[in-house]
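Commentary on secondary and tertiary structure
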Amino acid sequence: MQSRPYASPSTVSTMVFAALRTATIRAPYIVAGFAIGGAGIGIALFKDPIRRVLGVETVVPVPLTYPMPQRARNPPKGYED
């Protein structure tokens, strides 16, 4: 028989599942942290494509400056404020 230098996919998935199950039992806060972190990355990567598929339109940004009028400025005289 010839030995393989790598494990079969079913063996690898079984090993990964067993390691994940053990980590969940021993330190659930670490697994939860990885899950929340992965969800954050997933949201950052897939938020815009999902919004486009659902048909959500982008909101017009709020202007940061006030548009200046295209006319001569009337300086105030007297007590006009």
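The structure we're discussing is the one just above.
Residues numbered from 1 in each chain as written. Predicted model: local features only at pLDDT ≥ 70, side-chain atom pairs only at ≥ 80, totals over all residues. Heavy atoms only, no water.

1. Here we look at the overall build of the protein chain
- A tally of helices and strands in the protein chain yields 2 helices and 0 strands.
- Out of the 81 residues in the protein chain, the part that is buried amounts to 1%.
- Accessible area for the protein chain stands at about 8400 Å²; split by element, carbon and sulfur atoms hold 66% of it. (Helix = DSSP H or I, 4+ residues; strand = E, 2+ residues; numbered from the N terminus. Buried < 20%, exposed > 50% of the residue type's maximum accessible area, 1.4 Å probe, protein only. Areas by Shrake-Rupley, 256 points an atom, 1.4 Å probe, with all protein chains shown as cover.)

2. A short note on the pattern of salt bridges
- Counted according to the given criterion, the structure contains 1 salt bridge.
- Salt-bridge contacts for Lys47 lead to Asp48; the nearest nitrogen and oxygen are separated by 3.5 Å. (Salt bridge = Lys/Arg side-chain N within 4 Å of Asp/Glu carboxyl O.)

3. Here we look at a nonpolar patch on the surface
- On the surface, a nonpolar cluster with roughly 760 Å² of combined accessible area is contributed by Ile41, Leu45, Phe46, Ile50, Val53, Leu54 and Val56.
- Relative to the helices and strands, Leu45 is located in helix H2 (residues 28–54). (Patch = residues over 30% accessible without salt bridge, like charges linked within 9 Å, V, L, I, M, F, W, Y side chains within 5 Å.)

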